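Topology and contacts: notes
The residues making up each chain are set out below.
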Amino acid sequence: MLADATKREETGVSKTSDDKSRAGRLRRAPENFIDGTFAADVTRDGLNPSRRGFLQRSFLAAGAALAGGAAFAADAANGVPGAGDPMILEPRPWATSLGQAVAARPYGMPSKFEANLQRRQSPGLTQTAQASVAFTPLQGLFGIITPSGLHFERHHQGWQEIDPTQHRLMVHGLVREAKVYTMDDIMRLPSVSRMHFIECGANTGMEWGNAAVPTVQYTHGMLSCCEFTGVPLSVLLDDVGADTKKGQFVLAEGGDGSGMTRTISMEAALSDVLVAWGMNGEMLRPENGYPLRLVVPGVQGVSWVKWLRRIKVGDAPWNTKDETSHYVDLMPDGQHRQYTSIQECKSVITSPSGGQALLDRGYFNVTGLAWSGRGRIKRVDVSTDGGKSWRAARLESPVLPKCLTRFNFDWQWDGSPALLQSRAVDETGFVQPRYRQLREVRGTKSIYHNNAIQTWQVAANGEVTNVHVD
């Protein structure tokens, strides 16, 4: 491969005599491309045209800086034929010195060389960091499980670290006997572990009107998937003797200062809802609801109430503040649609994606995630021409209900402009809509439940950007 004659064309993309036999190189998306002062200004005063322009220029400049570094690295890798690579020919420091002792880090941490992969806020999205979002870096993850430290955050009044010995859960309402449980009481009950995705109802919400943000972290990063451990809510309802005929709903209430309360149908409560304390084999992280949260598979994240302190059984929805003033869908006629909680079938290509760049022609693995709140993913198709033609992607196991599914697709890039899209189909036969189809029903002014097909445009020079294709 190193002996291939390589030449640089006007596009800046290298071309070899045998593009199809080599894997193309991918430049990662820029991270953390604005400073803290500017981010604070935007959060305090919002985005005006000047600040929006500065954001765009900062993103382009960060990409250009990475491009320079990548070109240097590429030249170094190509080297002089026959000169050899010192990284393999010369002893390396880590092969000639004593390593660190066991338990040098009693709780393991990622390598310092991966320190830039972090969940991040979007400046200007909210007025305070305590009522904001930190997005998961989907572009840097593999498989389907989200590391606990990169799980997205959405809080309404900041996160708390609650002493589990002082935490209680009350179950009452239409029950034979109201009870208050300690954490020890709950963790002695029969438990199960299940993998499910969680997606904020506002995920992709900034994209309703136009292509607004540059990378997949901000278009789709209010999405995570973990293995949760807890007791089925049905066990607790049975323990208190809930009247499941008259009581058709439960109210879940969190213990933080926002007073988050959500109505959940009794049908869902008796189906697969968990009262969870575990996530990815350890206790929940404080920002994810430690010591107790609700897991409501397939339903928008706001119903996965964190720091869960109360379950009430009732005979009607409660229409609480977070079910009337928020998390409702604004329709084209000005009406609001309420209680549309299920996250419909959706997918996104995570690589190549916005901000990345293809540095060579040749083979690329197009990879992404698909999910449905109504069950398993049945198929994912990928298009490289903006939806004019489609080919089936490979679904990687496991393919579980209400869980992320990883897909991969082999692609030979010939250096021509391309429009990458993925389209998911779930086991109910629901097909992920195009933007035109979604806007015909929902308009362009909504915030929640945007599951339209995402498009990444690949330019002739390999740069990948976020665009909308109807």
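Residues numbered from 1 in each chain as written. Predicted model: local features only at pLDDT ≥ 70, side-chain atom pairs only at ≥ 80, totals over all residues. Heavy atoms only, no water.

Okay, the sheet that holds strand E10 (residues 249-254) next. Either a parallel or an antiparallel arrangement is found when strands of a sheet pair, and the pairing is made through backbone hydrogen bonds. Taken in spatial order, the 5 strands of this open sheet run E7-E6-E15-E10-E11, and their pairing is mixed. In the strand order of this sheet, the two ends are held by strand E7 (179-182) and strand E11 (261-265), each with one partner. Ignoring strand direction, the axes of neighbouring strands in this sheet form an average angle of 20°. With 5 bridges joining them, E10 and E11 adopt antiparallel strand pairing. Paired with Glu253 across the bridge in E11 is Thr261. (Pairing = 2+ DSSP bridges. Helix = DSSP H or I, 4+ residues; strand = E, 2+ residues; numbered from the N terminus. Axes fitted to C-alpha atoms, helices over the stretch in contact; angles between N-to-C directions.)

Within the open sheet, the 5 strands sit side by side as E22-E21-E25-E26-E27. Their pairing is antiparallel. The open sheet has two free edges, formed respectively by strand E22 (391-392) and strand E27 (464-467), since each of these has just one partner strand. When strand E25 (residues 418-426) meets strand E26 (residues 455-458), the two strands line up antiparallel, connected through 4 bridges. Note on E26: the bridge partner recorded for Leu420 is Trp456.

Right, let's get into the nonpolar core. In terms of nonpolar packing, the biggest core is built from 50 residues, with Leu169, Leu233, Leu237, Val275, Leu294, Leu308 and Ile311 touching the most fellow members. A per-element tally of this core places strand E12 (residues 274-279) first, with 5 residues. In contact with Leu294, other than residues within four places in its own chain, are Ala252, Ile264, Val273, Leu274, Val275, Ser303, Trp304, Val305, Leu308 and Ile311. Leu369, Trp456, Val458 and Val464 belong to the second largest nonpolar core, which has 31 residues in total. (Core = buried A, V, L, I, M, F, W, Y, C linked by side-chain atoms within 4.5 Å. Buried < 20%, exposed > 50% of the residue type's maximum accessible area, 1.4 Å probe, protein only. Contact = heavy atoms within 4.5 Å.)

Here the focus is the pattern of salt bridges. In the structure shown here, the tally under the stated rule is 21 salt bridges. Note that Asp185 and Arg188 form a salt bridge whose closest N and O atoms lie 3.0 Å from each other. Notably, a salt bridge pairs Lys321 with Asp322, separated by 2.6 Å at the nearest N-O pair. We classify Lys321 as partly exposed; its relative accessible area is 44%. Given the relative accessible area of 2%, Asp322 is considered buried. What emerges from the salt-bridge pattern is a single network uniting Arg119, Glu153 and Glu287. (Salt bridge = Lys/Arg side-chain N within 4 Å of Asp/Glu carboxyl O.)

Here the focus is the environment of Val273. By the secondary structure assignment, Val273 is in the loop between helix H7 (266-271) and E12. Exposure remark for Val273: the relative accessible area of 2% places this residue in the buried category. Contact partners of Val273, with chain neighbours within four places excluded, come to Val231, Pro232, Leu233, Ala268, Leu294, Val295, Val296 and Pro297.

At the junction of Tyr290 and Pro291, the peptide bond is cis and its omega measures out at 10° in the coordinates. Tracing the sequence through the fold places Pro291 in the loop between strand E13 (282-283) and strand E14 (293-295). Along the chain, Ser397 connects to Pro398 via a cis peptide bond; the corresponding omega equals 0°. Structurally, Pro398 can be placed in the loop between strand E23 (394-395) and strand E24 (405-413).

This part covers the pairing of E27. Here E26 runs beside E27; their pairing, made up of 4 bridges, is antiparallel. Among the inter-strand pairings, Trp456 is bridged to a residue of E27, identified as Asn466. Taking the residues between adjacent antiparallel strands as the criterion, E26 and E27 are bridged by 5 residues, where Gly462 takes a positive phi near 95°.

In this description, a pair of aromatic rings is defined by centroid distance and the angle of the planes. All told, the structure shown has 4 aromatic pairs when counted by the stated rule. Each ring, one from Phe135 and one from Tyr218, has its centre 5.4 Å from the other, and the planes form 70°; the classification is edge-to-face. Of this pair, Phe135 sits in the loop between strand E4 (133-134) and strand E5 (153-154) while Tyr218 is found in helix H5 (residues 216-220), placing the two residues 83 residues apart along the sequence. With respect to class, Phe135 is no different from Tyr218; both count as buried. (Phe/Tyr/Trp six-rings, centres within 6.5 Å; stacked < 30°, edge-to-face > 60°.)

With that settled, the discussion passes to the pairing of E11. Most of E11 sits out of view: 4 of its 5 residues are buried. In this structure, the hairpin formed by E10 and E11 is closed by a connection of 6 residues, where Gly259 is found at a positive phi of approximately 60°.

Turning our attention to the state of the cysteines. Under the definition given, this model contains 0 disulfides. Distance from the sulfur of Cys225, which forms no disulfide, to the nearest cysteine sulfur (Cys403) is 3.6 Å. You can call Cys225 buried: its relative accessible area is 0%. (Disulfide = S-S within 2.5 Å.)

On to helix H9 (residues 435-442). Residues of H9 that are buried include every one of Tyr435, Leu438, Arg439 and Arg442, and no others. Projected down its long axis, H9 carries its buried residues within an arc of 95°, all on one side. Across from the buried face of H9, at angles greater than 90 degrees, the exposed residues are Glu440 and Val441. The inward-facing, buried residues of H9 abut strand E16 (329-330) and strand E17 (336-337). Remark: Gly443 follows H9 within two positions and exhibits a positive phi of approximately 75°. (Arc of directions from axis to C-beta.)

Mean pLDDT over the protein chain stands at 88; residues scoring 70 or higher make up 84%. Long-range and interchain partners of residues 1-12, a stretch whose pLDDT sits below 50, account for 20 contacts in this model, where long-range means more than four residues apart. Here residues 69-77 is a poorly scored stretch, pLDDT under 50, and it has 5 contacts once near neighbours within four places are set aside; other chains count. (pLDDT = per-residue confidence, 0-100.)

What follows is about the side chain of Arg27. Tracing the backbone through its elements, the reader meets Arg27 in strand E3 (residues 26-27). Here Gly355 takes part through its backbone oxygen, which lies 3.4 Å from a polar atom of the side chain of Arg27. (Polar contact = N/O pair within 3.5 Å; in protein donor to acceptor, adjacent residues only side chain to side chain.)

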